[in-house]
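Structural overview for review
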Amino acid sequence: MRVFSGVQPTGNIHLGNYIGALKQFVDLQDKMEALYCIVDLHSITVPQIPEELYRHTLDVAALYIAVGLDPKKASIFIQSSVKEHAELSWILTCQAYTGELNRMTQFKDKSHGKESAPVGLFSYPVLMAADILLYKADWVPVGNDQKQHIELTRDLAVRFNNKYGETFVVPQYKGMEVGARIMSLDDPSAKMSKSNPNDFSRISLLDAPGKVKKSIMRATTDSETVIRFDPVEKPGISNLLTIYSAFSGKTIPELEHQYEGCGYGALKKDLVEVVNDTLQPIQERFQEIRPSEELIKILKQGRDQAQAIAQQTMREVKERLGFVQL
Ligand code: AQP
């Protein structure tokens, strides 16, 4: 069994990325062959400042290690360092229909209100399919904002296999029941996101304790006082309970019981502590690994491991398509 996933270097990893994806990356590296990349090719579907992209790419790589990914167990690499991603993406673009890409909600969200959008933003789910199919991954741990893209990946794999012969593994979406979508702290109707201009809408893994405190204490709740998990009626409190549960290991019913009769302030105060206690060792490890030569070595080693698999898949794909390989 093989697991593959990635994170865009569009900013520092936040609690949504961590709970929805990275925590699972760490669990799965012990259970199967694992490949995790930093998807820089995806990040340029929206404008990036080159110096920031460079910095964020290495930051995300260091955060992968800091949260517990082990280069002895998982291949960690930068997407653009394995050119086969772009190559397979083009081949799959020729198998995808504009109608199915038109239905992708993330494209609709990100291009909303714009007169025109980059073609790459429109076709980005095909690049994501290429990322996954290139490694014949069985499992793809992602937050539920990506579920529709995994369905497209499955459709493209089946379509290619039916047309050209069994080539790709049809991957499974590996989501979670709780925590698959962490919401913005300032607006619990929107998902927590790196690109939200309000810094207090999210908590990044590198946030200082004071910033964590401010973000949580300011988080939007409701006018009631009862601590109850109800994402429809009480999205703000439910979001805080979800974060609390993911960081403490306590179930949501356990937390509801613990905070029976308490006000929102008490819950928020404790959550600040739980989050800061979890982030502290991650930040310490980050500070060690980020400036080190070891990080570059890990990324080179990951690239070589990934490339060996990618090249093998591309040979098969080209043979099936009837490409002349010299
Ligand atoms: N709010 C979230 N809750 C749970 N999971 C989330 N993920 C993202 N936001 C949440 C999951 O994190 C992984 C990496 O995401 P990504 O960086 O590849 O892209 P994204 O989904 O577009 O994340 P952001 O933070 O919203 O970035 P921007 O603002 O740049 O678009 C994915 O598995 C994703 O599902």
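Residues numbered from 1 in each chain as written. Predicted model: local features only at pLDDT ≥ 70, side-chain atom pairs only at ≥ 80, totals over all residues. Heavy atoms only, no water.

Neighbouring residues of the ligand: 23 residues in total, closest His14, Asp145, Ser193, Lys194 and Ser195. The separation between an oxygen atom of the ligand and a polar side-chain atom of Lys194 is 2.3 Å. About the coverage of the ligand: the protein hides 97% of its 640 Å² of free accessible area. Among the secondary structure elements, those contributing two or more residues to the shell around the ligand are strand S1 (2–7) and helix H1 (15–28). Per element, the largest residue contribution to the shell around the ligand is four residues, and it comes from H1. (Near = heavy atom within 4 Å. Polar contact = N/O pair within 3.5 Å; in protein donor to acceptor, adjacent residues only side chain to side chain. Areas by Shrake-Rupley, 256 points an atom, 1.4 Å probe, with all protein chains shown as cover. Helix = DSSP H or I, 4+ residues; strand = E, 2+ residues; numbered from the N terminus.)

Here the focus is the pattern of salt bridges. Taken as a whole and judged by the stated rule, the model has 16 salt bridges. For Asp207, the salt bridge identified is with Lys211, shortest N-O distance 2.7 Å. Under the relative-accessibility criterion, Asp207 is labelled buried at 13%. The class of Lys211 is buried, set by a relative accessible area of 15%. Here Glu288 makes a salt bridge to Arg285, at a shortest N to O gap of 3.1 Å. Residue Glu288 and its partner Arg285 are located together in helix H12 (residues 264–289), separated by three residues, close to a single helical turn. Using a relative accessible area of 28% as the deciding quantity, one classes Arg285 as partly exposed. One network of salt bridges, in which partners are shared, links Asp222, Glu224, Arg228, Asp230 and Lys234. (Salt bridge = Lys/Arg side-chain N within 4 Å of Asp/Glu carboxyl O. Buried < 20%, exposed > 50% of the residue type's maximum accessible area, 1.4 Å probe, protein only.)

Below, the discussion takes up the domain arrangement of the protein. Assigned domains within the protein: domain 1 (2–179 + 293–321) and domain 2 (199–286). Between domain 1 and domain 2, the C-alpha centre-to-centre distance is 29 Å. Opposite the 16 residues of domain 1 that make contact, domain 2 presents 13 residues. Taking both partners together, domain 1 and domain 2 bury about 1400 Å²; carbon and sulfur atoms supply 80% of that area. Where domain 1 meets domain 2, there are zero salt bridges. Counting across the interface, domain 1 meets domain 2 through three residue pairs in polar contact (both at pLDDT 80 or more). Those elements that place two or more of their residues in the side of domain 1 that touches domain 2 are H1 and helix H3 (50–66). (Domains from an automatic or database assignment. Contact = heavy atoms within 4.5 Å. Buried area = accessible area lost by both parts, 1.4 Å probe.)

What follows covers the environment of Arg320. Mapped onto the elements, Arg320 comes out in helix H13 (residues 293–321). Here the alpha-carbon distance between Arg320 and Ile237, two residues 83 residues apart in the chain, equals 53 Å. Once you skip the residues sitting within four places of it in the chain, Arg320 turns out to touch Phe160, Tyr164, Gly165, Glu166 and Thr167.

The buried fraction of S1 amounts to five of the six residues, a majority that puts the element mostly inside the structure. Note that S1 and strand S2 (residues 33–38) share six bridges and pair parallel. For Phe4, the partnering residue across the bridge sits in S2 and is Leu35. (Pairing = 2+ DSSP bridges.)

Now for the nonpolar core. Ranked by internal contacts, the top residues of the largest apolar core, which has 60 residues, are Tyr36, Tyr64, Ile243, Phe247 and Val275. Considering each element in turn, this core owes the most residues, 10 residues, to H12. Structurally, this core is a two-domain feature, drawing no fewer than three residues from each of domain 1 (2–179 + 293–321) and domain 2 (199–286). Dropping the residues within four chain positions of it, Tyr64 is found in contact with Gly6, Val7, Ile13, Leu22, Phe25, Tyr36, Cys37, Ile38, Leu69 and Ile76. (Core = buried A, V, L, I, M, F, W, Y, C linked by side-chain atoms within 4.5 Å.)

Below, the discussion takes up the pairing of strand S3 (residues 74–78). Of all five residues in S3, five are buried; the element is thus mostly enclosed. Both faces of S3 are covered, namely the face carrying Ala74, Ile76 and Ile78 and the face carrying Ser75 and Phe77. Of the pairings in the sheet, the one linking S2 to S3 comprises five bridges and is parallel in character. Looking at S3, one finds that Cys37 is bridged to Phe77.

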